Amino acid sequence: MKTLIKNGRVVDPSQDIDEVMDVLIEKDKVVALGRDLRVYDARIIDAAGMLVTPGLVDMHVHLREPGYEYKEDIQSGTRAAAAGGFTSVACMPNTNPVADNKIVIEYIKSRAARGCGVNVYPIGAITKGLEGRELASIGGMKKAGIVGISDDGKPVMNARIMENALRYAAMFDLPVISHCEDSNLTEGGMVNDGLVSTITGLKGIPSEAETVMASRDILLARRTKGRLHIAHVSAAMTVEVIRWAREIGIYVTAEAAPHHFSLTEDVLRDFNTNAKVNPPLRSKADVEAVIQGLKEGIIDVIATDHAPHALDDKDVEFDRADFGISGIETAVAVTLTYLVDAGKLSLKQAVEKLTINPAKILGIDRGTLRKGAIADVTIIDPRLKKKVDASAFLSKGKNTPFDGMELKGWPVLTIAAGKVIWCAGGLKEDVKIHAAV
Ligand code: DOR
Ligand code: ZN
């Protein structure tokens, strides 16, 4: 079984490639890249006018299984990922039971194996039950296949425990993904502490709550030589402390979520719970700083923090609504519209942050179209304009502040291990796609 993707603009930062060429896939592997490849017994995908990238990697998603299947499950979450152009996702452990031991990790992996073909890489908890008190069994979870540890959704408030986590995870070569929040500063907060908290009277979450913890963790990373990764950077000062850390040679990587580089707190003026997220949407200056951080490479990764919630969790009074945005199906379009089309990032930079950079941090063999690599491929129509329609999401979570907005540049076809796992319009075989020119 051979597939030939013809005449697409192949953008693969792992090989410094950005040119029109063909990609030949045989079984589950990339076997050739080149101009005018001729193969007589291959299925042809005409990708003229399209971008052809390595299958996208999202290192921060919430698949909610086990325990919160009414919000999302591994099947619906991975189908949503495929529709968003992602072939690999790393899922956070704030499930019920918490993914803090190898039994839950094995369960997630077995459910994912029966999924739609998207690779699921579990992240284990840092502390038992996400309670911040006692380290989880990191060695056991590593054997079961985790690619990192995180208490995402909650901070690790005790610095000694965080220090031990960084030291211990380093022995297993695992990144520690830090949800930076000082809970004494954020307690009861719901929106950014600033303009909108003043206008609405909703309690604010100061950006210092994030930066204080990022600073602490950076100092602990220096002390332990651990592999620190800062999740969902939202504040200008956090970008500054990461910049400082890099300048003096402390190992730290970071990610930003699409909503944090595209939207400001302004969208919360009308109490839209679909824009209630943690960390919160912040000021224009913060958004600009996050974009600058992405541009300068201080922020290495674009990760969605896909946080699906049920209507009942969101269609309630603002203070009772859950935090989170269902973001995996709009990430590519938000990135292309707000970063690439807007001239802030080159296409290569954007693709790098969605492929090889997260793959390297997680230590997974993905994010590249190198000859011999597993054939995970994403095809994107850079000119396609479409309005976001949350009701049509494959995710169970329809909670998005982008609903109804027109965005430009959407995935049209997703291939995992050589198989078409999603195609716009629902075509599965005999694939025909057309550029929207
Ligand atoms: O908005 C958020 N939602 N932020 C988090 O840190 C957790 C996440 C969730 O699990 O819903
Ligand atoms: Zn998260």
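Described in the following lines is the structure provided in the data block.

1. A word on the coordination of the zinc ion (ligand 2)
So, point 1. Surrounding the zinc ion (ligand 2) are the protein donor atoms His-60 (NE2), His-62 (NE2), Asp-152 (OD) and Asp-305 (OD), which sit 2.0 to 2.2 Å from the metal.
So, point 2. Considering all four donor atoms around the zinc ion (ligand 2), the spread of angles at the metal, 86 to 174°, places the coordination shape in the irregular class.
So, point 3. The sequence pattern describing where the donors of the zinc ion (ligand 2) fall on their chain is H-x1-H-x89-D-x152-D. With His-60 in strand E6 (residues 56–61) and Asp-305 in the loop between strand E15 (301–302) and helix H11 (311–314), the pair connects residues that are 245 residues apart, well separated along the chain. Residues His-60 and Asp-305 agree in their burial class; the two are buried.

2. Some points on the pattern of salt bridges
So, point 1. Scanning the model with the defined rule gives 25 salt bridges in all.
So, point 2. Salt-bridge contacts for Lys-128 lead to Glu-134; the nearest nitrogen and oxygen are separated by 3.0 Å.
So, point 3. Ionic contacts of the salt-bridge type, sharing partners, join the residues Arg-160, Glu-163, Arg-167 and Arg-223 into one network.

3. Considering the pairing of strand E8 (residues 119–122)
So, point 1. A two-sided burial pattern is seen for E8, the buried positions comprising Asn-119 and Tyr-121 on one face and Val-120 and Pro-122 on the other.
So, point 2. Note that strand E7 (residues 86–91) and E8 share four bridges and pair parallel. The residue of E8 that forms the bridge with Ser-88 is Asn-119.

4. Side note on the site of ligand 1
So, point 1. Taken together, 13 residues sit near ligand 1, with Arg-64, Asn-94, His-179, Asn-278 and His-309 positioned nearest.
So, point 2. The separation between an oxygen atom of ligand 1 and a polar side-chain atom of His-179 is 3.3 Å.
So, point 3. A total of 290 Å² of accessible area belongs to ligand 1 in isolation, and the protein chains cover 93% of it.

5. Quick word on the packing of helix H8 (residues 236–247) against helix H10 (residues 284–296)
So, point 1. Orientation of H8 relative to H10, taken along the N-to-C sense of each, is 30°, at an axis distance of 8 Å. Accordingly, the angle class assigned to the pair H8 and H10 is roughly parallel. Residues Ala-236, Val-239 and Arg-243 of H8 pack against Ala-285, Asp-286, Ala-289, Val-290, Gly-293 and Glu-296 of H10.
So, point 2. For the contact of H8 with H10, a count of residues per class yields five nonpolar, one polar and three charged.

6. Regarding the pairing of strand E1 (residues 2–12)
So, point 1. Of all the 11 residues making up E1, eight are buried; the element is thus mostly covered by neighbouring parts of the structure.
So, point 2. Taken together, the five bridges between E1 and strand E4 (residues 42–46) define a ladder with parallel strand orientation. Along E4, the bridge assignment pairs Thr-3 with Arg-43.
So, point 3. Pairing of E1 with strand E2 (residues 17–26), which is carried by nine bridges, proceeds in the antiparallel orientation. Residue Leu-4 lies in a different strand from E2, and its bridge partner there is Leu-24.

Cut-off values and rules
Residues numbered from 1 in each chain as written. Chains lettered and ligands numbered in written order. Predicted model: local features only at pLDDT ≥ 70, side-chain atom pairs only at ≥ 80, totals over all residues. Heavy atoms only, no water. Donors = N, O, S within 2.8 Å, 3.2 Å for Na, K, Ca; no water. Tetrahedral: all angles 85-135°; square planar, octahedral: opposite > 155°, others 65-115°. Helix = DSSP H or I, 4+ residues; strand = E, 2+ residues; numbered from the N terminus. Buried < 20%, exposed > 50% of the residue type's maximum accessible area, 1.4 Å probe, protein only. Salt bridge = Lys/Arg side-chain N within 4 Å of Asp/Glu carboxyl O. Pairing = 2+ DSSP bridges. Near = heavy atom within 4 Å. Polar contact = N/O pair within 3.5 Å; in protein donor to acceptor, adjacent residues only side chain to side chain. Areas by Shrake-Rupley, 256 points an atom, 1.4 Å probe, with all protein chains shown as cover. Axes fitted to C-alpha atoms, helices over the stretch in contact; angles between N-to-C directions. Parallel < 35°, antiparallel > 145°, perpendicular 65-115°, else oblique. Contact = heavy atoms within 4.5 Å. Nonpolar A, V, L, I, M, F, W, Y, C, P; charged D, E, K, R; others polar.

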